[in-house]
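Chain by chain, the residues run as shown.
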Amino acid sequence: NAGVTQTPKFRVLKTGQSMTLLCAQDMNHEYMYWYRQDPGMGLRLIHYSVGEGTTAKGEVPDGYNVSRLKKQNFLLGLESAAPSQTSVYFCASTRHGSNEQFFGPGTRLTVL
Amino acid sequence: RKEVEQDPGPFNVPEGATVAFNCTYSNSASQSFFWYRQDCRKEPKLLMSVYSSGNEDGRFTAQLNRASQYISLLIRDSKLSDSATYLCVVRVTGANNLFFGTGTRLTVIP
């Protein structure tokens, strides 16, 4: 099993460009999450999903959109990237009733 | 106010030393508690859950004080491989997500 995978691993964008980060998990987990991690801020929840076709806002949702069309995939979109969105983005998943979140390897995004 | 607060460190300790980290949480409705470990430029991974009665996993001991709303992690006989950032994590009753502290960085020195 691959666990949680994220693509791409690295990306550099110019201000105003758009992109989509893909998260995939092969553990049949119901819940999926997108976090960003910044120095001194820790992991902050952007959006999450408790099942296929459902999404909810986290702590820092502004500037991001998400979709969960398939149970195994959770997409994070940046419509118009800003330098403040320079960060490391982690996807995580967990099964219903469990407290252990499994994380992907992260995507390092730089917005110039 | 942050849900979870930790001393960021860094803690630099010699091999074989005992080191302890604390964190505090603000929401009294918090029900589940964990320590995650994150290596440099890697993803966080669950180290251990923290139970009300305290629990051990080898050289690692976790304790919870609900009255004071703090959680601790004790590492005995530190190894070089223990060098990492340790994240204090809390789940609040009724929430679908976890709240992460900013982490405490540990470096074990030969």
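Residues numbered from 1 in each chain as written. Chains lettered and ligands numbered in written order. Predicted model: local features only at pLDDT ≥ 70, side-chain atom pairs only at ≥ 80, totals over all residues. Heavy atoms only, no water.

A.B. asks: Could you give me a rundown of the layout of surface pockets, with the residues and numbers involved?
C.D. replies: Estimated volume of the largest pocket: approximately 710 Å³. Lining the largest pocket we find 25 residues, and of these Gln37(A), Gln38(B), Cys40(B), Thr85(B) and Arg105(B) sit closest to its centre. Those elements that provide at least two residues to the lining of the largest pocket are strand E4 (31-38) and strand E9 (87-94) of chain A together with strand E9 (84-92) and strand E11 (104-109) of chain B. Among the elements that make up the lining of the largest pocket, the one with the highest residue count is E11(B) (4 residues). Residue composition of the lining of the largest pocket, grouped by class: 8 nonpolar, 11 polar and 6 charged. Taken as a whole, the second largest pocket holds about 280 Å³ of empty space. Together, 17 residues line the second largest pocket, and Leu43(A), Arg44(A), Glu59(A), Phe99(B) and Phe100(B) are the ones closest to its centre. For the lining of the second largest pocket, the elements supplying multiple residues, two or more each, are strand E5 (42-51) of chain A together with strand E10 (98-100) of chain B. Of the residues belonging to the lining of the second largest pocket, the class tally is 8 nonpolar, 4 polar and 5 charged. (1 Å grid on protein atoms, 1.4 Å probe; cavity = no way out; pocket = protein on both sides within 12 Å on 5 of 7 lines; lining within 4 Å. Points joined across faces, edges and corners; volume = space filled by probe spheres on them. Helix = DSSP H or I, 4+ residues; strand = E, 2+ residues; numbered from the N terminus. Nonpolar A, V, L, I, M, F, W, Y, C, P; charged D, E, K, R; others polar.)

A.B. asks: Break down the interface of chain A and chain B for me, with residues and values.
C.D. replies: Taken together, the 20 residues of chain A in the interface contact 18 residues of chain B. Note on chain A versus chain B: buried area summed over both sides is about 1600 Å², and carbon and sulfur give 51% of it. Counting across the interface, chain A meets chain B through 0 salt bridges. Here chain A and chain B share 3 residue pairs in polar contact (both at pLDDT 80 or more) between them. Elements represented by at least two residues in the side of chain A that touches chain B include exactly E4 and E5 of chain A. If one sorts the elements of the side of chain A that touches chain B by residue count, E5(A) sits on top with 5 residues. Along the lines of polarity and charge, the residues of the side of chain A that touches chain B split into 11 nonpolar, 7 polar and 2 charged. (Contact = heavy atoms within 4.5 Å. Buried area = accessible area lost by both parts, 1.4 Å probe. Salt bridge = Lys/Arg side-chain N within 4 Å of Asp/Glu carboxyl O. Polar contact = N/O pair within 3.5 Å; in protein donor to acceptor, adjacent residues only side chain to side chain.)

A.B. asks: An account of unusual backbone geometry is needed here, citing residue identities and associated values.
C.D. replies: Between Thr7(A) and the following residue, Pro8(A), the backbone shows a cis peptide bond with an omega angle of -5°. Cis geometry is found at the peptide bond from Gly9(B) to Pro10(B), where omega equals 5°. As for its placement among the helices and strands, Pro10(B) is situated in the loop between strand E1 (4-6) and strand E2 (11-14). Notably, Arg41(B) is not glycine yet its phi reads approximately 65°, a positive angle. Using a relative accessible area of 57% as the deciding quantity, one classes Arg41(B) as exposed. (Buried < 20%, exposed > 50% of the residue type's maximum accessible area, 1.4 Å probe, protein only.)

Read these as geometric descriptors, not functional statements.
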